[in-house]
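Each chain is listed here by its residues.
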Amino acid sequence: MPPKFKFSRTQVISAALEIVQDEGMGGLTARALASRLGSSAKPIFGLFKNMEEVQQEVIKAANTIYQSYLSNDISAGKYPPYKASGMAYVRFAREKRELFKLLFMCDRSSENIEEDRESILPLLDMIQKNLGIGEDEAYLFHLEMWIYVHGIATMIATSYLDWDDAFVSRVLTDAYIGLKIRFTEEKQHECD
């Protein structure tokens, strides 16, 4: 009969997520996790193959938290939906610094950026409708806007600056309007 485990996978992932939120991914060791659970490491490795599997589950859990920030901010209606996605990204960086670093400040050079395009199709659709531009232009618009939003979020996550939501909202509006003018004027000149 296999041994009964004191913890479920969900409880272990939750404890691991807490460690990462407090100390970053570097703080997530078998010893730290066992200590957080008040146990030895043995029950952890009865539920997971290795610490790499635990880390992968933490990344998935962190992404679930980030996705809840996005959906909550978009559905709250405080900002237009596209702007709300940027505000959620910045808020996540402010409130969940280590999770933000884990998800968005790591080496992703091996990833296929075109696969990410699928995940942002709803945002691209918003941009297309708002600006009357095609999908490729909307994608470029989003990339340029995301570079700006990511810069702000990164500076907040690393405590380089601490802008409040009102100021972040203002500068995101300024950037959006500037890009909107550029993209819509280019389209007008193409028609002339």
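Residues numbered from 1 in each chain as written. Predicted model: local features only at pLDDT ≥ 70, side-chain atom pairs only at ≥ 80, totals over all residues. Heavy atoms only, no water.

Engineer: Just checking my understanding: could you explain the overall build of the chain for this structure?
Structural biologist: A tally of regular secondary structure across the chain gives 10 helices and zero strands. Along the chain direction, N to C, the helices and strands of the chain fall in the order α-α-α-α-α-α-α-α-α-α. Relative to its length of 192 residues, the chain is extended, with a C-alpha radius of gyration of 20 Å against a globular reference of 16 Å. Its C-alpha atoms give the chain principal-axis dimensions of roughly 75 × 35 × 30 Å. Looking at the 192 residues of the chain, the share that counts as buried comes to 39%. When contacts within the chain are restricted to residue pairs at least 6 apart in sequence, long-range pairs at least 24 apart make up 62% of them. Accessible surface computed for the chain: about 11200 Å², of which carbon and sulfur atoms make up 54%. Once the 22 positive and 28 negative side-chain charges of the chain are each reduced to a mean point, those two points are 10 Å apart. (Helix = DSSP H or I, 4+ residues; strand = E, 2+ residues; numbered from the N terminus. Rg over C-alpha atoms; globule rule 2.2 N^0.38 Å. Buried < 20%, exposed > 50% of the residue type's maximum accessible area, 1.4 Å probe, protein only. Contact = heavy atoms within 4.5 Å. Areas by Shrake-Rupley, 256 points an atom, 1.4 Å probe, with all protein chains shown as cover. Lys, Arg positive; Asp, Glu negative; His and termini not counted. Charge placed at Lys NZ, Arg CZ, Asp CG, Glu CD.)

Engineer: Explain the UniProt feature "DNA-binding region" (unreviewed entry) in the chain to me, please; I cannot follow it from the model alone.
Structural biologist: Here the UniProt-annotated "DNA-binding region" (unreviewed entry) positions come out as residues 29–48. With 70% helix and 0% strand, the stretch residues 29–48 has end C-alpha atoms that lie 13 Å from each other. (UniProt positions renumbered as here; feature names shortened; annotations may be inferred.)

Engineer: What should I look at first to understand the pattern of salt bridges in this one?
Structural biologist: Two side chains of opposite charge can pair, provided their charged atoms sit close to one another. Throughout the structure, instances matching the rule amount to 13 salt bridges. With a shortest N-O distance of 3.1 Å, D125 and K129 are connected by a salt bridge. Of this pair, D125 and K129 both sit in helix α8 (residues 121–131), four residues apart, which is roughly one turn of the helix. Of the residues examined, D125 reaches a relative accessible area of 33% and is grouped as partly exposed. In this structure, E144 engages R182 in a salt bridge whose closest nitrogen and oxygen atoms are separated by 2.6 Å. With E144 in helix α9 (residues 135–157) and R182 in helix α10 (residues 165–191), the pair connects residues that are 38 residues apart, well separated along the chain. With relative accessibility at 29%, the residue E144 sits in the partly exposed group. (Salt bridge = Lys/Arg side-chain N within 4 Å of Asp/Glu carboxyl O.)

Engineer: So what exactly am I meant to see when it comes to the nonpolar core here?
Structural biologist: Judged by nonpolar contacts, the single largest core of 60 residues is most densely connected at L28, L33 and V54. Examining the composition of this core, we find that nine residues originate from one element, α9, more than from any other. Ignoring anything within four residues of it in the chain, the contact list for L28 reads A16, I19, V20, L33, M51, V54, Q55 and V58. (Core = buried A, V, L, I, M, F, W, Y, C linked by side-chain atoms within 4.5 Å.)

Engineer: Would you mind going over the side chain of D73 with me for this structure?
Structural biologist: By the element assignment, D73 lies in helix α4 (residues 51–76). Residue class for D73 comes out buried when judged on its relative accessible area of 14%.

Engineer: Please clarify how helix α2 (residues 30–37) should be interpreted in this entry.
Structural biologist: Quick reminder: α-helices carry 3.6 residues per turn. Residues three or four places apart thus point the same way. Residues of α2 that are buried: A30, L33, A34 and L37. Along α2, the residues classed as buried sweep out an arc of 100 degrees about the axis, all on the same side. Facing away from the buried side of α2, by more than 90 degrees, are the exposed residues R31 and S35. Structurally, α2 contributes buried residues whose contacts are with α1 (9–23), α3 (42–47) and α4. Backbone geometry just after α2 places G38 at a positive phi near 70 degrees. (Arc of directions from axis to C-beta.)

Engineer: Help me understand the environment of Y66, please; the structure alone is not making it clear to me.
Structural biologist: With respect to the helices and strands, Y66 occurs in helix α4. Remark: the alpha-carbon pair of Y66 and D136, spanning 70 residues in sequence, is separated by 26 Å.

Engineer: It is not clear to me how the packing of aromatic side chains should be interpreted in this structure. Could you clarify?
Structural biologist: What describes a pair of aromatic rings is the distance from one ring centre to the other and the angle between the planes of the rings. Inspection of every chain in the model, using the stated rule, returns 15 aromatic pairs. A centroid spacing of 6.0 Å and a plane angle of 80 degrees characterise the contact between Y66 and Y89, whose relative ring orientation is edge-to-face. One end of the pair, Y66, is in helix α4; the other, Y89, is in helix α5 (residues 81–95), and 23 residues separate them in sequence. Three or more aromatic residues joined by ring pairs form one cluster here, namely Y66, Y69, Y89, F92, F100, F104 and W146. Positioned above the aromatic ring of Y139 is the side chain of R117, whose terminal nitrogen or guanidinium carbon lies 4.3 Å from the ring centre. (Phe/Tyr/Trp six-rings, centres within 6.5 Å; stacked < 30°, edge-to-face > 60°. Lys NZ or Arg CZ within 6 Å of the ring centre and 35° of its normal.)

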